[in-house]
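Structure assessment
If you want the building blocks of each chain, they are given just below.
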Amino acid sequence: MVHNRIALFRTERGLSRKELADLIDLNPQTIGFLERGSYSPSVECALRLANVFNLSVDDLFSLKPFPALSTQLSVHKKS
Amino acid sequence: MKTSTRFSYMNLSPRTVRGLFVAMLVGLWGSLLMKFGMAAERPVLLISFGVLVLIGIGAAGVLFLSSLSFIAHAPEGQIDERELAERNRAYFDTVRLIGLVILLAGLVTSFGEWVGLRVTLPIMENFLMRLFLTTIVAPAGFLAWRQKSIEENAE
């Protein structure tokens, strides 16, 4: 399964599912499927999503679950 | 992607589409089975046959106008990659269903007379009409079923 942080970055940038879908030429329903992890995107779709958020594909998708934000924050504070 | 085309289709829920698909299969194929017993032309049988045909054709018509039917029949440029992948699976399921129906029809044609099922030309015409309608509409039905399994996995 491919894990992703699409919902996190979409919300952070104040985009609705429809707005994001329009940017990368997908059906808004597909954004929902992607966010829930019910659908793994093609390489092209993953690159387009990463491009919209100005991130690398690695930042957006991972084969391992992403750590929770609270965990990341506490690690960041300690460092 | 041209989303405006989709608005002319009926936005039915996958659950409704699944219900219509079952109604279509029961109506169309149930009425065909009844045709074998209609030699005596009993009025009750004739009325039941007519009702089943109406249910089957009505359900097929509504199903054909649903938004899932749009996905099933749209040109590739008008649906996205997820819809295209799901459509491929739906067509594969449809081919398997049609294959099964043709196999059963072959068995009835070859061995049906042993159990009193005689295939006549009108029955064959009815069979072909039902096969055509099922081929057209089944992909939308299978798409609805596919969405059900995705929803269950997401829970």
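Cut-off values and rules
- Residues numbered from 1 in each chain as written.
- Chains lettered and ligands numbered in written order.
- Predicted model: local features only at pLDDT ≥ 70, side-chain atom pairs only at ≥ 80, totals over all residues.
- Helix = DSSP H or I, 4+ residues; strand = E, 2+ residues; numbered from the N terminus.
- Contact = placed C-beta atoms within 7 Å.
- Core = buried A, V, L, I, M, F, W, Y, C linked by C-beta atoms within 7 Å.
- Buried ≥ 20, exposed ≤ 12 C-beta atoms within 10 Å, placed from the backbone.
- Arc of directions from axis to C-beta.

Glancing now at the overall build of chain A. For chain A, the count of helices and strands is six helices and two strands. Its helices and strands taken in sequence order, chain A reads β-α-α-α-α-α-β-α from the N to the C terminus. Principal-axis analysis of the C-alpha atoms gives chain A an extent of 40 × 25 × 20 Å. Excluding contacts between residues fewer than 6 apart, the proportion of contacts in chain A whose partners are at least 24 apart in sequence is 55%.

Let's shift gears to the nonpolar core. Counting 22 residues, the largest nonpolar core has Val17, Met24, Leu63, Leu68, Ala140 and Leu143 of chain B as the members making the most contacts within it. Of all the elements in the fold, those that place two or more residues in this core are α1 (14-35), α2 (43-64), α3 (67-73) and α5 (121-154) of chain B. With ten residues, the next largest nonpolar core counts Leu26, Phe33, Leu34 and Leu60 of chain A among its residues.

Taken together, the buried positions of helix α3 (residues 28-36) of chain A are occupied by Thr30, Ile31, Phe33 and Leu34 of chain A. For α3 of chain A, the angular spread of buried residues about the axis comes to 160°, placing them on one side. Contacts made by the buried residues of α3 of chain A are with β1 (3-4), α1 (6-12) and α2 (17-23) of chain A together with α4 (81-111) of chain B. Positioned one or two residues after α3 of chain A, Gly37 of chain A has a phi angle of 80°, which is positive.

Relative to the assigned elements, Gly37 of chain B resides in the loop between α1 and α2. Separated by 50 residues in the primary sequence, Gly37 of chain B and Arg87 of chain B place their C-alpha atoms 38 Å from one another.

Residues and elements named next belong to chain A. Although it is not a glycine, Asp25 sits at a positive phi angle of roughly 60°. Inspection of the secondary structure assignment puts Asp25 in the loop between α2 and α3. A residue is classified by how many C-beta atoms lie within 10 Å of it, and Asp25, with 11 of them, is exposed. Phi at Asn54 is positive, roughly 55°, even though this residue is not glycine. One can find Asn54 in the loop between α4 (43-52) and α5 (57-60).

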